[in-house]
Amino acid sequence: MDKNQTCFRTVIGGQALIEGIMMRGPDKSATVVRKPDKTMVTTTRPLRSGKDKPAILKWPFIRGVYNFAGAMKDGVKELFYSADVAFEEPDDAPQGFWEKKLGKKRVDDIAMGISGILGIAIPVVLFFILPTLLAGFLDDSIGTGVLRNLIEGLIRIIIFIIFMFSVSRTKDIQRTFEYHGAEHKSIHCYESGKELTVENVQSFPKEHPRCGTSFLLVVMVISILVFSFIEVSSPLWRVVIRLALLPVVVGISYECNRWIGRHDNAFTRIVRAPGLLMQHLTTREPDDSMVEVAITALKAVIPEEEGSDKW
C-alpha cells in the first residue's frame, strides 16, 4: 500500500477469538488462528454481497438488526472453530459417550447451538431483565415514570461495567483481549495508510472508536431513552415490553454508531470518549505474534478494488 495514501475509515472490522482473530471485509471474512505448534491456519469465506440482499435489509434501522444478528451468529461459530484449532486434539484422542453416539461434528453443532442461545440469553437477562426487576423495588417510592427508567438505565450500565471488569481479571480472557488490541492496532494502521508491518501496527493505540464495546455502551444509552417512553406498572409486562423493544434499540444504536463513525468533530469525540475509556478493560497490549495474526487476517479481506471498503 502507498504510504502517501489519504487516511480513511474502513468498513472492515474484526473480532478477537481464542488464539486468533476474525476479520470481516465488504465481500469476505477471514479467520486466522495459532495452532499449538505456533503455525497459523487461515480460512476465508465469501459474504453475502449487498446486491444479493433484499432491499428491506438495507433500510435504516432494519439493517442494524440484521447485521447485528449476523455478526453474533458468525462470531459464535468462529469462536468454536478457533477453540478447535487452538486446542487441537490428536486423531487418536479418546471420544466421549455422545461423540461415539452422535459423531463429533453433530456434538459440536449441538454445543455451538446451545452456546449461541446462552450467548444471547445471558446478556439479555443480565443487562435488561435484571435491571428491570431491581428497579421495580423502587416503584413505591419513585413511581413508574421517567425517573424510574433513568435509575433502571443507571443500574444497567453499572452491571455492565462490573461484568466487564470481572471478566477482564480472568487470565484466559486477558489473552483474548490482547488479540482484541492487535485487531484494533492493525485497523488503525491500515486506515492511516501505512504499510502493514508488525513495527508499524504496534505503534498505534489498542483502542478504536468503532469497537463493539463502544457499540454496547451506545445500546445502553439508547435503551434508557427508548424505555423512558414506556410507563407500565406490572414488572412482568415491563420485561416483556423491553424484550420486544430490543430490536428497536439495536436498530437505533446501529444508526447512531454508524453516524458517529463517519464523523470526527468535537461532538463525536465527546460521544466516543466513554467507549474508548471502556476499552481499557476489553483490550490489552498484544505481543508481536498476535499482531502477525491480525495483519494476516486483515490482508485477507482487503478488497482488490482500492477504496471499495471505505466507510
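Residues numbered from 1 in each chain as written. Predicted model: local features only at pLDDT ≥ 70, side-chain atom pairs only at ≥ 80, totals over all residues. Heavy atoms only, no water.

### Side note on the overall build of the protein
So, step 1. Each helix and strand in the protein was counted, giving 11 helices and 4 strands.
So, step 2. A buried classification covers 39% of the 311 residues belonging to the protein.
So, step 3. Counted over contacts in the protein with a minimum sequence separation of 6, partners at least 24 positions apart contribute 71%.
So, step 4. In the structure as shown, the protein presents an accessible area of about 17000 Å², 64% of it carried by carbon and sulfur atoms. (Helix = DSSP H or I, 4+ residues; strand = E, 2+ residues; numbered from the N terminus. Buried < 20%, exposed > 50% of the residue type's maximum accessible area, 1.4 Å probe, protein only. Contact = heavy atoms within 4.5 Å. Areas by Shrake-Rupley, 256 points an atom, 1.4 Å probe, with all protein chains shown as cover.)

### Points about the confidence of the model for the protein
One rule of thumb: low pLDDT means the predicted coordinates there are not for detailed reading.
So, step 1. Per-residue pLDDT for the protein has a mean of 83; in total, 84% of the residues score no lower than 70.
So, step 2. In the predicted structure, residues 1–6 sits below a pLDDT of 50 and forms 9 contacts with residues beyond four places in sequence or in another chain. (pLDDT = per-residue confidence, 0-100.)

### A few points about helix 10 (residues 266–282)
So, step 1. The end-to-end C-alpha distance of helix 10 is 25 Å, a good match for the 24 Å that 17 residues give at a rise of 1.5 Å each.
So, step 2. Where helix 10 bends most, the angle comes to about 35°, and this point is Ala 273, followed within four residues by the proline Pro 274.
So, step 3. Among the residues of helix 10, those classed as buried are Thr 268, Arg 272, Gly 275, Met 278, Gln 279, Leu 281 and Thr 282.
So, step 4. Two or three places before Phe 267, at the start of helix 10, stands the capping residue Asn 265, its side-chain oxygen 3.1 Å from that residue's backbone nitrogen. (Expected span 1.5 Å × (residues − 1). Bend = angle between axes of the 7 residues up to and from the residue. Polar contact = N/O pair within 3.5 Å; in protein donor to acceptor, adjacent residues only side chain to side chain.)

### Brief notes about a nonpolar patch on the surface
So, step 1. On the surface, Ile 56, Trp 59 and Ile 62 cluster together to form a nonpolar patch covering roughly 280 Å² of accessible area.
So, step 2. Position of Ile 62 among the secondary structure elements: in helix 1 (residues 62–86). (Patch = residues over 30% accessible without salt bridge, like charges linked within 9 Å, V, L, I, M, F, W, Y side chains within 5 Å. Salt bridge = Lys/Arg side-chain N within 4 Å of Asp/Glu carboxyl O.)

### Details of the pattern of salt bridges
So, step 1. All told, the structure shown has 13 salt bridges when counted by the stated rule.
So, step 2. When the shortest N-O distance is used, the salt bridge between Arg 45 and Asp 74 registers 2.8 Å. In this pair, Arg 45 is assigned in strand 4 (residues 40–46) and Asp 74 in helix 1, connecting sequence segments 29 residues apart.
So, step 3. You can call Arg 45 partly exposed: its relative accessible area is 25%.
So, step 4. Judged by its relative accessible area of 13%, Asp 74 is buried.
So, step 5. In this structure, Lys 185 and Glu 285 form a salt bridge, with 3.2 Å as the shortest nitrogen-oxygen distance.

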